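# Fold and contact review
Read off the chains here:
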Amino acid sequence: MLIASAGNVLVWIVWIVAAFACLGSGIAVVSFSNPFYSALALIGNLGSLAVLYLLLNAEFVAAAQVLVYAGAVMVMFLFVIAYIGPRTESPWMGGPSWQAAGAVLAAGALLVEIVVVIGLKASGHLAHSEHVDQTFGTPAYIGRLFLTDHLLAFEITSIVLLVAAIGGVILGAHSRRSPEEVPSLR
Amino acid sequence: MTALLGPEISWYLAVSGFLFATGALGVLLRRNPLIVLLSLEIMLNGGNLALIGFSRNLGDGGGQIFALAVMAVAASEVVVGLGLVVALNRKRVTLDVDRLNTLRG
Amino acid sequence: MVYGAWICLLSPLVAACAITLGGTRQSRRAAGYLATASCFVAFAGAVAAFIGLLGRQGGDRQIISTAWTWITGGSYQSGLQILIDPLSVFMMLVVSGVGALIVWYSIGYMDGDDEERRYFAYMALFVFSMLLLVQAGNLLLLLAGWGMVGLSSYLLIGYWHERPSAVAAAKKAFVMNAIGDATMALAFFLLIQKGNSLEFGILGGQFSSTVANLVALGLLGGAVAKSAQIPLHTWLPDAMEGPTPVSALIHAATMVTAGVYLIVRTHAIFEQAPKIADLAAGLGALTLLVAGLIALVQVDIKRVIAYSTMSQIGYMFVGAGVGSYPNAMFHLMTHAFFKALLFMAAGIVIHALVNEQDIRKMGGLRQLAPKTYWAFLIGSLALVGIFPFAGFFSKDSILAAAMAHGGWYGYLLWAAGLIGTLLTGLYTFRLFFIVWWGEPSAFVREHFHPLRRDVVGISLAIPVGVLAVLSVVGGWIQFSPWWHPVETWLQTVAEPLVSPESWQEWLSIALSLLLGLSGIAVAWSIYGAKRLAVPRIAWAQRTLEHKFWFDEAYDAVFYEPAVFFANLLRRGIEEPIISDSGRDLGDDTRDLGGLVARAQTGLVRTYVLAIASSVAVLAVVFVIVK
């Protein structure tokens, strides 16, 4: 597992830094009470993930992650958070008491299960990774796949994006009427 | 042809699992819808990391394609979700997930 | 001739259907005319069949005409067939002839009733059913006619369905008939099992004595129920709730005689089961005595005549039981004449006295309704069996046959029959003197109104007149010691088992005439000339008035336990388990729904928690399975 070589050591160091950044920013996202800070933490998360992708020979996906996710989606998030303003009336947490306990339990269970599976069962399968050539993960590689083996995914994804765009326009359209009374919710 | 340098795939998967659990915790505990959406993004990214990891492990590009599709879907979902939040805000509705509970029995 | 028989059978059915389908589109009188016409057409058909049979020789007189194969079940087959032989033609003539007269009479009697059309439809249905019964070519079709006759009887007894007493009487009649139907069906099952056929011929086949006894017993059960003999007799007096023509037709002339017909038709099996035949005769003798005694205290004019019917059918059962089949049928015929006559004359009285039936309110009607008076007198004399009226010729031959049956049992039956004659004279003329003689009572003076002279009056008067004539001359067809065409006619179908000696015949004639006249004399002295007082024996009076406690006994033995058991089931099973369970099921479902509804908190986070938990659990499951 710990194959010590020069290139390897460098990779290990980068990996450790990126992994901890990822985990830390992930915890930060769910912890901050100010959504603005959470969004910024998410951007950090996305960046560290891009690094991890690069380590996995997924160059195009890493680039797309930074361009699309961090560059477009998070900017949109920040726009909306800024637009909504400092209306953080909602408490950090609350609701039925069993909700919190149940949440921690469920999330913890998921984590434990994943770790257990990785640790116990799948070690044999996961021990050996394939050797890939230089073209693995390059844009050309992805492009070829999109247009040959996974054409359907490509097309459907485009439709989904179209639908989302339409939905966004509809949801965002200004109503002609004056803002109504807040409907009572309880 | 190069071998995988650095940690084995299982480490990446552990990080991915942690991210997923963290995002789940955020979705389950926070009451601000924006934070919930952000936590959802965390979960999706965790899944993406697992996909990319396996793609490298098996030498199959399909995992990366899948990850790109997930990214596109996540973007779409954020668009709609944020549209909803904006609309709620325009109607002066309290931005609290627990207050949006008219679908009750 | 075959066509004649089919026309006879189907014409009342056509009328019943036409009246039913016509509904209110036809006038009430039209329904009456249609029904009457159909019965006369049936009579014409019967006459045609009769003439056709006359043209043939003795042994050749049996024609079976099949319409189509009705039922095929395994190796058993049954056709829709009618049988034209001397016995069936005999019954066809009686049923359709007397039936036509009575339906004609009903036009006048039921005039003004709101639902006349329903009445005539039912009457036509009844005539059809009775004809089906007597013309049936096999036992299965006979059972069909049997059941339909019971149905028509139920419909007609309960005709005035607003009266609870009428409805109760109809139910009683039907239930008791159903007991008879059940025993008959059991007998038929045995026959199918042993003989694989329900043709009449099978009855002559060889059966073990147990089987023969069981079959005969089952048939006897049906006959006893239908003919209102002890022990299934309690329905007949109650059946007087129906209109008087119904009582005349169904409960005097035709339906109640179906039991006698059945025994004569199936005599082959009774001959194989002599104990059962003796039982039949014994039940007949018992009934004729009991009914005669009860009739002595009845105060309803129709009930007296009803008990008289029961008693006379007892005679017929005695005749059939000892094997004197032609005589039993002959008495059936004459009885039809004079009993229908008596009922119809009583009906005229009832109509004239604004539907009053209590004889204690009547009296002295002799001057007010002279023609009816003579009709009633003729009927009464025929009933008691006085020469030269119809009953004389038929009843005495039965007595002689009983004597010829031999042994102490035969003499016992003979003695019972003679005592019965005395009782007949007594109760008949008690009724006669109370109603017709003396001064008109207060009630009569106040309420009597004579017959109208229009269609209604004619339709009431002419059938009565015809039957009066028949009651006089009807018996002259046969006088046993000297000429017996009836016996010869029916011999090919049912050979009589006994041939009484001449001295037996004359002795019976003399004694029965003597006893009948003495009965009349006693009745005259008590009720007519009022020389003697009515003997007052309290316990006897009470017993007779309660009809020998039969109704009370049946109530205690059958009804009360059944009601008790039903209540038990209701309280123990029906309510807690079945009906309550329905309600509890609803309540429980609602509670369960309420419980489940608590999961619908409305909080999105809860729902997500549920999803996350399920995923966690499923992951474990997958890991373990894998």
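Treat the numbers as computed from the prediction; the structure is a model and nothing was measured. Think of each chain on its own: its residues are numbered from 1, step by step along the sequence as written. The lettering of chains begins at A and the numbering of ligands begins at 1, in the order of writing. Thresholds applied to this predicted model are a pLDDT of at least 70 for local features of residues and 80 or more for the giving and counting of side-chain atom pairs; totals over whole chains, interfaces and linings are not thresholded and use all residues.

## Things to note about the overall build of chain C
Counting from the N terminus, the helices are DSSP H or I runs at least four residues long and the strands are E runs at least two residues long. The helix and strand tally for chain C stands at 24 helices and two strands. Per-residue burial for chain C yields a buried fraction of 51% across its 626 residues. Whether a residue is buried, exposed or partly exposed follows from its count of other C-beta atoms within 10 Å of its own C-beta, namely 20 or more, 12 or fewer, or something in between, respectively; the C-beta atoms are built from the backbone.

## Quick notes on the overall build of chain B
Within chain B, the secondary structure is distributed over three helices and zero strands. Along its sequence from the N terminus, chain B presents helices and strands in the succession α-α-α. Expressed as a percentage of its 105 residues, the buried residues of chain B come to 61%. Placing C-beta atoms from the backbone, we regard two residues as in contact once those atoms come within 7 Å. Sequence separation of 24 or more characterises 48% of the internal contacts of chain B that already satisfy a separation of 6 or more.

## Some thoughts on the nonpolar core
Formed by 204 residues in total, the largest nonpolar core has its most connected members in Ala124, Leu131, Ala340 and Leu341 of chain C. Ranked by residues supplied to this core, first place goes to helix α14 (residues 325-352) of chain C with 19 residues. The nonpolar core is taken to be a set of buried Ala, Val, Leu, Ile, Met, Phe, Trp, Tyr and Cys residues joined by way of C-beta atoms within 7 Å. Cys22 of chain A together with Val15, Ile52 and Val85 of chain B belong to the second-largest nonpolar core, a separate cluster that totals 78 residues.

## Considerations on the pairing of strand β1 (residues 63-73) of chain C
All names here are of chain C. By the criterion of burial, β1 is predominantly exposed, with just zero of the 11 residues buried. Two strands pair when backbone bridges link them, and β1 and strand β2 (residues 76-84) are joined in this way by eight bridges, in the antiparallel orientation. In the strand pairing of β2, Ile71 is matched with Ser78. In this description, strands pair whenever DSSP reports at least two bridges between them. Taking the residues between adjacent antiparallel strands as the criterion, β1 and β2 are bridged by two residues, where Gly74 takes a positive phi near 70 degrees.

## A look at the interface of chain B and chain A
You'll often see interface size given as the accessible area lost when the parts meet. The interface of chain B with chain A comprises 77 residues on the first partner and 81 residues on the second. Residue assignment for the side of chain B that touches chain A shows that the elements contributing at least two residues are α1 (9-29), α2 (33-58) and α3 (62-90) of chain B. Here the side of chain B that touches chain A is built from residues that sort into 44 nonpolar, 22 polar and 11 charged. Ten residue types, Ala, Val, Leu, Ile, Met, Phe, Trp, Tyr, Cys and Pro, are classed as nonpolar, four, Asp, Glu, Lys and Arg, as charged, and the remainder, Gly among them, as polar.

## Quick notes on the confidence of the model for chain C
Confidence scores per residue from the predictor, reported as pLDDT, run from 0 to 100. Per-residue pLDDT for chain C averages 84, and the proportion of residues at 70 or more is 98%. Model confidence for the complex: the whole-complex pTM is 0.66, and ipTM, which rates the interface, is 0.90.

## Focus on helix α5 (residues 139-157) of chain C
Multiply 1.5 Å by the residue count of a helix minus one, and that product is the helix's expected span. Here α5 of chain C is 19 residues long and its end C-alpha atoms lie 26 Å apart, about the 27 Å a rise of 1.5 Å per residue gives. Burial within α5 of chain C is extensive, with 14 of its 19 residues counted as buried.

## Remarks on the interface of chain C and chain A
Contacts between chain C and chain A engage 11 residues on the former and 10 residues on the latter. By residue class, the composition of the side of chain C that touches chain A is eight nonpolar, two polar and one charged.

## Points about the packing of helix α12 (residues 274-295) of chain C against helix α13 (residues 301-322) of chain C
Residues and elements named next belong to chain C. Between α12 and α13, the shortest axis-to-axis distance is 7 Å and the interhelical angle comes to 160 degrees. For the element pair α12 / α13, the angle class is roughly antiparallel. As for how α12 packs across α13, the hand of that crossing is left-handed. Along the lines of polarity and charge, the residues of the contact of α12 with α13 split into 17 nonpolar, seven polar and one charged. Geometry is summarised by axes, namely lines fitted to C-alpha atoms with helices restricted to the contacting stretch, and by angles between N-to-C directions that run from 0 to 180 degrees. Any angle that is under 35 degrees is reported as roughly parallel, and any over 145 degrees as roughly antiparallel; angles of 65 to 115 degrees are reported as roughly perpendicular and all others as oblique. Here a crossing is taken to be left-handed if its near helix is turned anticlockwise relative to the far helix by less than a right angle, and right-handed if that turn runs clockwise.

## Let's talk about the packing of helix α10 (residues 258-265) of chain C against α13 of chain C
Residue and element names in this part refer to chain C. One can describe the packing of α10 onto α13 by two numbers: an axis separation of 10 Å at closest approach and a directional angle of 5 degrees. Comparing the axis directions of α10 and α13 gives the class roughly parallel. Contacts between α10 and α13 pair Val260, Ile263 and Val264 from the former with Ile313, Met316, Phe317 and Ala320 from the latter. Partitioned by chemical class, the residues of the contact of α10 with α13 number seven nonpolar, no polar and no charged.

## Considering the environment of Ser525 of chain C
Along the polypeptide, Ser525 of chain C turns up in helix α21 (residues 502-528). Here the alpha-carbon distance between Ser525 of chain C and Arg430 of chain C, two residues 95 residues apart in the chain, equals 9.7 Å.

## Concerning unusual backbone geometry
With an omega of 5 degrees, the peptide bond between Ile230 of chain C and Pro231 of chain C qualifies as cis. For Asn57 of chain A, which is not glycine, the phi dihedral falls at a positive 60 degrees. Checked against the element boundaries, Asn57 of chain A lands in the loop between α2 (35-55) and α3 (59-84). By the C-beta count within 10 Å, which is 25 here, Asn57 of chain A ends up buried. Even without a glycine there, the phi angle at Ala228 of chain C is positive, about 55 degrees. Within the fold, Ala228 of chain C resides in the loop between α7 (209-226) and α8 (235-238).

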